[in-house]
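# Understanding the architecture of this molecule
Each chain, letter by letter, is given below.
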Amino acid sequence: MTNNLQGKKIGVFASGGLTAWTVAKYAKEKGADVSIYWADVGQYDEPKIGLFFAEMETLGIDVFKLDLQKQVAIFAADMLKFNACYEGGYWNSTGALRYILVKNISNMMKQHKLDCYSHGCVGGGNDQKRFSQYSKAFIPEIEEYLAWKDAEFVARFKNRHDMVAYLINAEVSPALVGKDTESTDSCLIGTSYESTVLETLDFDYSDTPALMSVAPWKVTTESTQASIRYVAGKAVAINELPVSELQALRSANEIGGGNGISLRAVIENRVQDTKCRGVYESPGMDLLAVGLQSLRQVYFSKEQGIAFSKLSTQAGQFIYRGQYTTEQAQNIVSELETLTSTLSGTVTLKLYRGNILCIKVCELEQAAHDLHQRRFADGGHVWSNADA
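Figured I'd write up the structure that's included with this text.

### Notes on the packing of helix H3 (residues 69-82) against helix H4 (residues 93-111)
Between H3 and H4, whose axes approach to 10 Å, the crossing angle comes to 135°. Of the possible angle classes, the one that applies to H3 and H4 is oblique. Both H3 and H4 take part in a crossing whose hand is right-handed. Between H3, through Gln71, Val72, Phe75 and Met79, and H4, the contact on the second element is made entirely by Ala96, Leu97, Tyr99, Ile100 and Asn104.

Below, the structure is given as structure tokens:
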């Protein structure tokens, strides 16, 4: 890994977060030719991102902007179809996003003939491992500059407070408020929250201000119904309006978040097999997943259900660990595609203060009707298909 940055062309994956901002300014100071690669992924945090862009311009750093909302939504639709969440129902928002970013920005980085790439993910953390693994898959010819292995960088920036002090000036100070003690990571799939207090297991996280949702006990509306049409495991209409993957996720986030589908805390097994509490929200994913769960109950045999459960758990683990490009992961994806191809129907959900009930399933394929066993439709004294 290169520590001497003088004259190097370095590209930084950056969202406007504290560490990537620091890395970019530090590398520029050390004589590197720095470029920023920023993506619109439908993030709900960084409302003052314009101040970051303005500061990069002041420093003479080019910013390349990409709109990846569609790519995020398509990947989210696959995760939903495969139920590829991680422990505790965490929807892999950070793990999925690293895959999406590297896959879709890598070609531009190659075209710009970079010597190095970097990012703002914490040394030894999940996302640093994910970036490293996906970069080996998509841009193996570009060297990784990992600030946490640069002795001078580490000596200079011992903590996030040092980074804020390094960046602070009158123009950018509004964008740095609170970044020394807390961090968020957000996209259309969901938002994650980290801070000193949230890592503490005996801290009550439930009043953490959420970016995508209203807490269940603060919802003032009555119950809401949502009708979702799925074809081959993907939502194609919501409340009878046709939707793309992007429209489906945006609409589901609005419906779910407004009805109290909010924060969850997960004490998860991390990439390095340590444990830490994460606080997450994915209201749209949670909402759309309930409809698919109902369709799996309708269509899957016992054996298919067992097979799906095993495969979906493995898919979620591969995404979490930054291993989605591996042959084993793609083989699992292929099996899941086959299993979920039958999941078509319309599901009506009722939402009330954080609860989601499936109240109706209709417009099913004939295969579902063939499996449906009835009793009272035939007089109540005997089950249909009694000898099956």
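### What to know about H4
The terminal C-alpha atoms of H4 lie 28 Å apart, and with 19 residues this matches the ideal 27 Å at 1.5 Å per residue to within 8%. At Ile105, H4 shows its maximal kink, close to 40°.

### Some thoughts on the pattern of salt bridges
Applying the stated criterion across every chain, the model contains 11 salt bridges. Lys234 serves as the salt-bridge partner of Asp78, at 3.3 Å between the closest nitrogen and oxygen. Taken together, the positions of Asp78 in helix H3 and Lys234 in strand E9 (residues 234-238) put the pair 156 residues apart, joining distant regions of the chain. In this structure, the salt-bridge partner of Asp127 is Arg98, at a minimum N-O distance of 3.6 Å. In this pair, Asp127 is assigned in helix H5 (residues 126-138) and Arg98 in helix H4, connecting sequence segments 29 residues apart.

### Side note on the packing of aromatic side chains
Scanning all chains against the criterion turns up 20 aromatic pairs. Their ring planes at 20° and their centres at 3.8 Å tell us that Tyr90 and Tyr280 sit as a pair that is stacked. With Tyr90 in the loop between H3 and H4 and Tyr280 in strand E12 (residues 275-281), this pair connects stretches of sequence that are 190 residues apart. Judged by relative accessible area, Tyr280 falls into the buried class, the value being 8%. Feature note: the residues Tyr26, Trp148, Phe153, Phe157 and Tyr166 constitute an aromatic cluster, connected by ring pairs. Sitting over the face of the ring of Tyr166, Lys25 holds its NZ or CZ atom 4.7 Å from the ring centroid. Of note, Arg130 hangs over the ring of Tyr320, and the distance from its end group to the ring centre comes to 4.8 Å.

### Notes on the environment of Val361
Within the secondary structure layout, Val361 lies in strand E14 (residues 355-362). A residue is classified by how much of its surface remains accessible, and Val361, at 29% relative accessible area, is partly exposed. Spatially, the C-alpha atom of Val361 lies 45 Å from that of Val122, the residues being 239 residues apart in sequence. What Val361 contacts, discounting residues up to four positions off in sequence, is Ser294, Leu295, Val298, Thr346 and Val347.

### Examining unusual backbone geometry
Note on backbone geometry: most residues besides glycine have negative phi, and most peptide bonds are trans. With a phi close to 55°, Asn92 is a non-glycine residue in the positive phi region. By secondary structure assignment, the location of Asn92 is in the loop between H3 and H4.

### Topic: H3
In an α-helix, one turn spans 3.6 residues; hence positions three or four apart end up facing the same way. The terminal C-alpha atoms of H3 lie 20 Å apart, and with 14 residues this matches the ideal 20 Å at 1.5 Å per residue to within 8%. Along H3, the residues that are buried comprise Gln69, Val72, Ala73, Phe75, Ala76, Ala77, Asp78, Met79, Leu80, Lys81 and Phe82. Note on H3: the residue one or two positions beyond its end, Asn83, has a positive phi of about 50°.

### As for empty space enclosed by the protein
Applying the stated criterion to the full structure yields 3 cavities of 30 Å³ or more. By volume, the largest cavity amounts to about 120 Å³. Together, 13 residues line the largest cavity, and Ala77, Leu80, Ala235, Ala248 and Leu288 are the ones closest to its centre. Taken together, the elements giving at least two residues each to the lining of the largest cavity come down to H3, E9, helix H9 (245-258) and helix H10 (283-299). When residues in the lining of the largest cavity are grouped by element, the largest group, 4 residues, is from H3. When its residues are assigned to classes, the lining of the largest cavity shows 10 nonpolar, 1 polar and 2 charged.

### Quick notes on the sheet that holds strand E6 (residues 182-187)
The 4 strands are arranged E6-E7-E12-E11 in an open sheet whose pairing can be described as antiparallel. Strand pairing shows two members of the sheet lacking a second neighbour, E6 and strand E11 (264-269), which therefore form its edges. Going from strand to strand, the sheet's axes swing by 30° on average, the running direction of each strand aside. For strand E7 (residues 190-195) and E12, the ladder comprises 3 bridges, and the chain directions are antiparallel. From the neighbouring strand, Tyr193 faces E12, where its bridge partner is Val279.

Each value, and the rule that gives it
- Residues numbered from 1 in each chain as written.
- Predicted model: local features only at pLDDT ≥ 70, side-chain atom pairs only at ≥ 80, totals over all residues.
- Heavy atoms only, no water.
- Axes fitted to C-alpha atoms, helices over the stretch in contact; angles between N-to-C directions.
- Helix = DSSP H or I, 4+ residues; strand = E, 2+ residues; numbered from the N terminus.
- Parallel < 35°, antiparallel > 145°, perpendicular 65-115°, else oblique.
- Left-handed = near helix turned anticlockwise from the far one by under 90°.
- Contact = heavy atoms within 4.5 Å.
- Expected span 1.5 Å × (residues − 1).
- Bend = angle between axes of the 7 residues up to and from the residue.
- Salt bridge = Lys/Arg side-chain N within 4 Å of Asp/Glu carboxyl O.
- Phe/Tyr/Trp six-rings, centres within 6.5 Å; stacked < 30°, edge-to-face > 60°.
- Buried < 20%, exposed > 50% of the residue type's maximum accessible area, 1.4 Å probe, protein only.
- Lys NZ or Arg CZ within 6 Å of the ring centre and 35° of its normal.
- 1 Å grid on protein atoms, 1.4 Å probe; cavity = no way out; pocket = protein on both sides within 12 Å on 5 of 7 lines; lining within 4 Å.
- Points joined across faces, edges and corners; volume = space filled by probe spheres on them.
- Nonpolar A, V, L, I, M, F, W, Y, C, P; charged D, E, K, R; others polar.
- Pairing = 2+ DSSP bridges.

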